[in-house]
Amino acid sequence: MKNSTAGLGLPHTASTAADWSDAIGGAPPASARNVLLWENTRKEFRELLEGGDLKAVILPVGSTEQHNEHLAMIQDTASATLVAQQAALLLYPRVLVATPVSVGISPHWMDRKGTLTLRKETFLAVVFEICESLQVHGVKSILILNGHGGNVIPLQEAVNWFREKLGIDVRFHSYWEAYTPEIVEQYMESKRVPGHAAEFETSFALAGFPERVRWEGVDYDTVKSTLGIRDPNSAAEEEQFARDARLATAEKGEAMIGIAVEWVAERVREMMPEET
Ligand SMILES: [Zn+2]
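Residues numbered from 1 in each chain as written. Predicted model: local features only at pLDDT ≥ 70, side-chain atom pairs only at ≥ 80, totals over all residues. Heavy atoms only, no water.

## Side note on the packing of aromatic side chains
Piece 1. Following the criterion strictly, the structure yields nine aromatic pairs and no others.
Piece 2. Taken together, a centroid distance of 5.2 Å and an interplanar angle of 65 degrees make the contact between Phe 128 and Phe 162 edge-to-face. In this pair, Phe 128 sits in helix 4 (residues 120-137) while Phe 162 sits in helix 5 (residues 152-166), placing the two residues 34 residues apart along the sequence. Of the two residues, Phe 128 and Phe 162, neither departs from the other in class, the shared state being buried.
Piece 3. For the pair Phe 200 and Phe 204, a centre-to-centre distance of 6.1 Å together with 80 degrees between the ring planes defines the contact as edge-to-face. With Phe 200 and Phe 204 both in helix 7 (residues 199-208) and four residues apart, the pair spans about one turn of that helix.
Piece 4. Three or more aromatic residues joined by ring pairs form one cluster here, namely Tyr 175, Trp 176, Tyr 179, Phe 200, Phe 204 and Phe 209. (Phe/Tyr/Trp six-rings, centres within 6.5 Å; stacked < 30°, edge-to-face > 60°. Helix = DSSP H or I, 4+ residues; strand = E, 2+ residues; numbered from the N terminus. Buried < 20%, exposed > 50% of the residue type's maximum accessible area, 1.4 Å probe, protein only.)

And the structure:
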């Protein structure tokens, strides 16, 4: 697994032809980093657009929120961005990844320290205005790719309005829609996806960004009585998730990331008529 090289510290960022072959297989792109819109210059973006190569943009949306004692709070944003980046690399150079929306709708976690949250209207306004910016530049297809449960219903409700208002193809998916019950059964001992900071997300992080898994000093049984979680059901669920997290492995994460990347690439292909 390659170490982080760009942007949010994403892995799998092949920087040489050899790395690329290791990571994905097939011919290397001129520059893997260039699928990240924010790493392009305006010249590079303009030439991609005006040359007709750019067919779609993936906009990752996530959260900055507590992920129990052992995962970094950027987990959901980093997960959606990693899947988006890898899918865009599969479709290179026709797809770019827009700058992720890294704070989501997380009021339900505000009794855990560190969580940041936006009101629904604020969040939807930010997502819409990023889509609008892309539309102004001439982008015709946008896949909003989500990595956080609290964003799902608001975006499902809003996406048709986004599409009508902007007059372009805007679609919405969460990357874990890739996982059928059979896949969950096959790979997850706890049988739960996505869960929260449990077996699945910890496995994803171990494979995708292991520097964000920090077990050192974590003793959930000792700390749980000091956390002050108000809702007893939520506290019980968190305790179960903390136990399930110990089932995580990088191998499970690698498999699940690969499945999501293929699935998202297929959704983007469906938005590029000449591809189907
Ligand atoms: Zn999460």
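## Side note on the sheet that holds strand 4 (residues 169-174)
Piece 1. The four strands lie next to each other as 2-1-3-4, forming an open sheet whose pairing is parallel. Looking along the sheet, the strands with just one partner apiece sit at the ends: strand 2 (95-97) and strand 4. Each strand of the sheet is rotated relative to its neighbour by a mean of 20 degrees, with strand direction disregarded.
Piece 2. Alignment of strand 1 (residues 56-61) against strand 3 (residues 141-146), held across five bridges, turns out to be parallel. (Pairing = 2+ DSSP bridges. Axes fitted to C-alpha atoms, helices over the stretch in contact; angles between N-to-C directions.)

## A look at the packing of helix 4 against helix 5
Piece 1. One way to put it is that helix 4 packs onto helix 5 with a least axis distance of 11 Å and a crossing angle of 35 degrees. Considering the relative orientation of helix 4 and helix 5, their crossing is right-handed. Contact residues: Lys 120, Phe 123, Leu 124, Val 127, Phe 128, Cys 131, Glu 132 and Gln 135 in helix 4; Pro 154, Leu 155, Glu 157, Ala 158, Trp 161, Phe 162, Lys 165 and Leu 166 in helix 5.
Piece 2. Here the contact of helix 4 with helix 5 is composed, by residue class, of eleven nonpolar, one polar and four charged. (Left-handed = near helix turned anticlockwise from the far one by under 90°. Contact = heavy atoms within 4.5 Å. Nonpolar A, V, L, I, M, F, W, Y, C, P; charged D, E, K, R; others polar.)

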